[in-house]
Amino acid sequence: MQYWLMKSEPDEVSIDDVMSAKDKTVPWFGVRNYQARNFMRDAMQEGDGVLFYHSSCPEPGIAGIAEVASGPYPDATQFDPKSHYYDAKATQEQPRWISVDVKGVRKTRLLSLAEMRTLPQLADMVVLQKGSRLSITPVTAAQWKQVLALLKGA
DNA sequence: GCCAACGTTGGC
DNA sequence: GCCAACGTTGGC
């Protein structure tokens, strides 16, 4: 069992979108970074815990709890010429990009990035490190516990 | 819109 | 393999 922080632009897929989706489950499409892809492909397992993070928005921060709900499979958007995420170098035989399904557990209060930065117990989170841009980052069990405690009942 | 930081591309 | 140029991310 591992834990992850996954960034999503709420304009594209918000925690509300996830919680109102069928089975509260959405495909995590559009990852176009090899390191993030490799986390999904090589390290994630069904049932892993996910901190659902809103990025590139007025108030970035953790907006909910989710879980990994599938193994890795090819990201359909890479094959779609109309998609923003289309990749001409990807083929059905040799996909480059993958998705996993993510299932919402609950929407929480927003634990804003600004608040996270004030908390010493979260200072080591990968997402808070200078220059960190990865859309998927590992979270330690201790960090997971701390964040859940901060979001308890909210 | 700005810009720091990181990632990718491609010439050599 | 190096590295300059360019592209992207994402907070502010």
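Let me begin by describing the structure that accompanies this report. (Residues numbered from 1 in each chain as written. Chains lettered and ligands numbered in written order. Predicted model: local features only at pLDDT ≥ 70, side-chain atom pairs only at ≥ 80, totals over all residues. Heavy atoms only, no water.)

### Some thoughts on the protein's contact with DNA strand C
By nearness alone, every residue bordering DNA strand C is listed as Lys7, Tyr53, Ser55, Ser56, Pro60, Leu113 and Arg133. Of what DNA strand C places within 4 Å of the protein, 74% of the atoms are sugar or phosphate. Here a phosphate oxygen of DNA strand C sits 2.9 Å away from a polar atom, N or O, in the side chain of Lys7. Arg133 places a polar side-chain atom, nitrogen or oxygen, 2.4 Å from a base oxygen of DNA strand C. Here the surface near DNA strand C is built from residues that sort into 3 nonpolar, 2 polar and 2 charged. (Near = heavy atom within 4 Å. Polar contact = N/O pair within 3.5 Å; in protein donor to acceptor, adjacent residues only side chain to side chain. Nonpolar A, V, L, I, M, F, W, Y, C, P; charged D, E, K, R; others polar.)

### Overview of the pattern of salt bridges
Under the criterion given, the structure shown has 6 salt bridges. For Asp42, the salt bridge identified is with Arg41, shortest N-O distance 2.8 Å. Judged by its relative accessible area of 40%, Arg41 falls in the partly exposed class. Measuring nitrogen to oxygen at the nearest pair gives 3.0 Å for the salt bridge that ties Glu115 to Arg109. Of the residues examined, Arg109 reaches a relative accessible area of 29% and is grouped as partly exposed. (Salt bridge = Lys/Arg side-chain N within 4 Å of Asp/Glu carboxyl O. Buried < 20%, exposed > 50% of the residue type's maximum accessible area, 1.4 Å probe, protein only.)

### Observations concerning the nonpolar core
Trp4, Met6, Trp28, Met40, Met44, Val100 and Ile136 are the most contacted members of the largest nonpolar core, which has 22 residues in total. Looking at this core, the elements that each hand over two or more residues are strand S1 (3-8), helix H1 (15-20), helix H2 (34-43), strand S3 (49-54) and strand S4 (61-68). In contact with Trp28, not counting residues within four places along its chain, are Met6, Lys7, Ser8, Met40, Phe52, Ile98, Ser99, Val100 and Val102. One finds Leu5, Leu51, Leu111 and Leu113 within the second-largest nonpolar core, a separate group that totals 18 residues. (Core = buried A, V, L, I, M, F, W, Y, C linked by side-chain atoms within 4.5 Å. Helix = DSSP H or I, 4+ residues; strand = E, 2+ residues; numbered from the N terminus. Contact = heavy atoms within 4.5 Å.)

### A closer look at the protein's contact with DNA strand B
Residues in close proximity to DNA strand B include Asn33, Tyr34, Gln35, Lys130, Gly131 and Arg133, which together make up its full environment. Counting only atoms of DNA strand B within 4 Å of the protein, the sugar-phosphate share comes to 74%. Within the contact set of DNA strand B, a phosphate oxygen lies 2.7 Å away from a side-chain nitrogen or oxygen of Lys130. Side-chain polar atom of Arg133 to a base oxygen of DNA strand B: 2.6 Å apart, as the coordinates give it. Residues that form the surface near DNA strand B fall into these classes: 1 nonpolar, 3 polar and 2 charged.

### Structural notes on helix H4 (residues 141-150)
Within the sequence span of H4, burial applies to Gln143, Trp144 and Val147. Buried residues of H4 fall within an arc of 100° about the axis and therefore sit on the same side. The exposed set on the far side of H4, more than 90 degrees from its buried face, consists of Ala142, Lys145 and Ala149. Where the residues of H4 are buried, they touch S1, S3, S4, strand S7 (101-112) and strand S8 (136-139). (Arc of directions from axis to C-beta.)

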